[in-house]
Amino acid sequence: MLLPLDLEALLASGECLYEVPISFLAPDGSGACVRGAVDCVVVAADGRATVLELKTGRPRPEHEAQAGLYARAVEAVFGAGPVNFVVCYP
């Protein structure tokens, strides 16, 4: 979990792309199409990307799973990896 100052540092560390739509085939081989919107992708000057998902309420395992899927999708789009992900509960 990020502290407010860590969140501020992450957002200042690169270009922030907000509400990035994604659509990709599920990695489980089921052929299901996963669709969603990444709250924020922070792209550093060296091309490294971090998926930032903002959530409310209590932390739940599915939040981490969702952010991990989004990171895999962003990795495929940007062609560079690995893409880190952070789930933040402001």
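(A) View of the overall build of the chain. The helix and strand tally for the chain stands at 2 helices and 4 strands. Its helices and strands in sequence order give the chain the pattern α-β-β-β-α-β, from N to C terminus. The C-alpha atoms of the chain give a radius of gyration of 13 Å, which matches the 12 Å a tight globule of 90 residues would have. Oriented by its inertia axes, the alpha-carbon framework of the chain measures out at about 40 × 35 × 20 Å. Of all 90 residues assigned to the chain, the portion counted as buried reaches 33%.

(B) The pattern of salt bridges, seen in detail. Evaluated as defined, the whole model comprises 3 salt bridges. With a closest N to O distance of 2.7 Å, arginine 48 and aspartate 46 form a salt bridge. The exposed category is assigned to arginine 48, whose relative accessible area is 56%. For arginine 60, the salt bridge is made with glutamate 62, and the minimal N-O distance between the two is 2.8 Å.

(C) Structural view of the pairing of strand E3 (residues 49-54). Of all 6 residues in E3, 5 are buried, a share of seventy percent or more. Linking two consecutive strands that pair antiparallel, namely strand E2 (residues 33-43) and E3, is a turn of 5 residues; a positive phi of about 95° is found at glycine 47 within it.

(D) View of unusual backbone geometry. Phi is positive for glutamate 19, which is not a glycine, with a value near 50°. With respect to the secondary-structure elements, glutamate 19 resides in strand E1 (residues 15-25).

(E) How the structure looks around the nonpolar core. One finds Ile22, Phe24, Val38, Val41, Val43, Ala49, Val51, Tyr70, Ala71, Ala73, Val74 and Val83 forming the largest nonpolar core, which totals 12 residues. Going through the elements one at a time, E1, E2, E3 and helix H2 (61-78) are the ones with two or more residues in this core. The element best represented in this core is H2, accounting for 4 residues. Among residues more than four places away in sequence, those in contact with valine 41 are Glu15, Cys16, Leu17, Val20, Ala49, Thr50, Val74 and Phe78. Membership of the second largest hydrophobic core comes to 6 residues, among which are Leu10, Cys40, Val42 and Leu52.

Rules and cut-offs
- Residues numbered from 1 in each chain as written.
- Predicted model: local features only at pLDDT ≥ 70, side-chain atom pairs only at ≥ 80, totals over all residues.
- Heavy atoms only, no water.
- Helix = DSSP H or I, 4+ residues; strand = E, 2+ residues; numbered from the N terminus.
- Rg over C-alpha atoms; globule rule 2.2 N^0.38 Å.
- Buried < 20%, exposed > 50% of the residue type's maximum accessible area, 1.4 Å probe, protein only.
- Salt bridge = Lys/Arg side-chain N within 4 Å of Asp/Glu carboxyl O.
- Pairing = 2+ DSSP bridges.
- Core = buried A, V, L, I, M, F, W, Y, C linked by side-chain atoms within 4.5 Å.
- Contact = heavy atoms within 4.5 Å.

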